[in-house]
Amino acid sequence: MFEILRKVRIERYTNGKRYSVVCAKCLSCGAEQEMNQQNAVKSNREGRQYCASCINGTFHRLTNTRIWRIWQGLRWRARDETDQNYGGRGVKVSPSWDCFLTFYEDMHPTYRDDLTIERIDVNGDYCKENCRWVTNMEQQGNKRN
């Protein structure tokens, strides 16, 4: 959701129609960005919770860190319906974890570079209550087969 802070300028589409560019603040992460005023209003009306900076982690400059790649990997596995160990078996990611910053806040306090993420209940979803950091050795003992 966005709070419109101020109008910045008027732009023109290629068809000649005009639109307002506003400075808007994401109410989730606090990032300020310029955007089409109609897009800000539409996002609020549809109840979108996160901005692109929030979802992509660019506001906090955490992209391409190890924890970022782990987050991307678990989301990719859960969305891959051809993978019978994850998405094809119905494993989902908590909607709050669609935002990297929420995942980071939930999991970073116990994160270490030598650990991997594990679902406590292998049939459960990726969420704060069902995930923890474990060593590779512990991870190997947690297979369905």
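These numbers were taken from a predicted model, which means no experiment stands behind them.

Chemist: Would you mind showing me how to read the overall build of the chain here?
Modeler: Regarding its fold elements, the chain presents five helices and five strands. Element order for the chain, N to C, with α for helix and β for strand: β-β-β-α-α-α-α-β-β-α. Counting all 145 residues of the chain, 37% fall into the buried class. Taking the intrachain contacts of the chain between residues at least 6 apart in sequence as the baseline, contacts between residues at least 24 apart amount to 43%.

Chemist: What is the right way to look at the pattern of salt bridges in this model?
Modeler: It is possible for side chains of opposite charge to pair when their charged atoms get near one another. One pass over the structure, following the stated rule, counts two salt bridges. Among the salt bridges present, the one from Arg 112 reaches Asp 114, with a minimum N-O distance of 2.9 Å. Of the charged contacts, one joins Arg 132 and Glu 118 as a salt bridge, the two residues approaching to 2.6 Å between their closest N and O atoms. Of this pair, Arg 132 sits in strand 5 (residues 131–134) while Glu 118 is found in strand 4 (residues 116–119), placing the two residues 14 residues apart along the sequence. By relative accessible area, which is 3% here, Glu 118 ends up buried.

Chemist: Sorry, what's going on with the sheet that holds strand 1 (residues 2–12) here?
Modeler: Backbone-to-backbone hydrogen bonds join strands into a sheet, with any given pair of strands oriented parallel or antiparallel. In space, the three strands of this open sheet follow the order 1-2-3, with antiparallel pairing throughout. Both edges of this open sheet fall to strand 1 and strand 3 (32–36), since each of them pairs with a single strand only. Going from strand to strand, the sheet's axes swing by 25° on average, the running direction of each strand aside. In this structure, strand 2 (residues 18–26) lies alongside strand 3, joined through five bridges in antiparallel fashion. Counterpart to Ala 24 in the pairing with strand 3 is Gln 33.

Chemist: Would you explain helix 3 (residues 66–79) in this entry?
Modeler: Because an α-helix completes one turn every 3.6 residues, residues spaced three or four positions apart along the sequence face the same direction. When the terminal C-alpha atoms of helix 3 are compared, their 20 Å separation across 14 residues agrees well with the 20 Å that a helix rising 1.5 Å per residue should span. Within helix 3, burial applies to Ile 67, Trp 68, Ile 70, Trp 71, Gly 73, Leu 74, Arg 75 and Ala 78.

Chemist: Can you walk me through the confidence of the model for the chain in this structure?
Modeler: Reading fine detail from the predicted coordinates is not recommended where pLDDT is low. Mean pLDDT over the chain works out to 82, with 85% of the residues at or above the 70 mark. The element-level mean pLDDT for the chain is lowest in helix 2 (residues 52–56), coming to 64, with strand 5 highest at 96.

Chemist: I tried to follow the state of the cysteines on my own but got confused; where do I start?
Modeler: Here a disulfide denotes a covalent bond joining the sulfur atom of one cysteine to the sulfur atom of another. Under the defined criterion, the tally for this structure stands at zero disulfides. In this structure Cys 127 is a free cysteine whose sulfur lies 6.0 Å from that of Cys 131, the closest cysteine sulfur available. On the accessibility criterion, Cys 131 (7% relative accessible area) is buried.

Conventions and cut-offs
- Residues numbered from 1 in each chain as written.
- Predicted model: local features only at pLDDT ≥ 70, side-chain atom pairs only at ≥ 80, totals over all residues.
- Heavy atoms only, no water.
- Helix = DSSP H or I, 4+ residues; strand = E, 2+ residues; numbered from the N terminus.
- Buried < 20%, exposed > 50% of the residue type's maximum accessible area, 1.4 Å probe, protein only.
- Contact = heavy atoms within 4.5 Å.
- Salt bridge = Lys/Arg side-chain N within 4 Å of Asp/Glu carboxyl O.
- Pairing = 2+ DSSP bridges.
- Axes fitted to C-alpha atoms, helices over the stretch in contact; angles between N-to-C directions.
- Expected span 1.5 Å × (residues − 1).
- pLDDT = per-residue confidence, 0-100.
- Disulfide = S-S within 2.5 Å.

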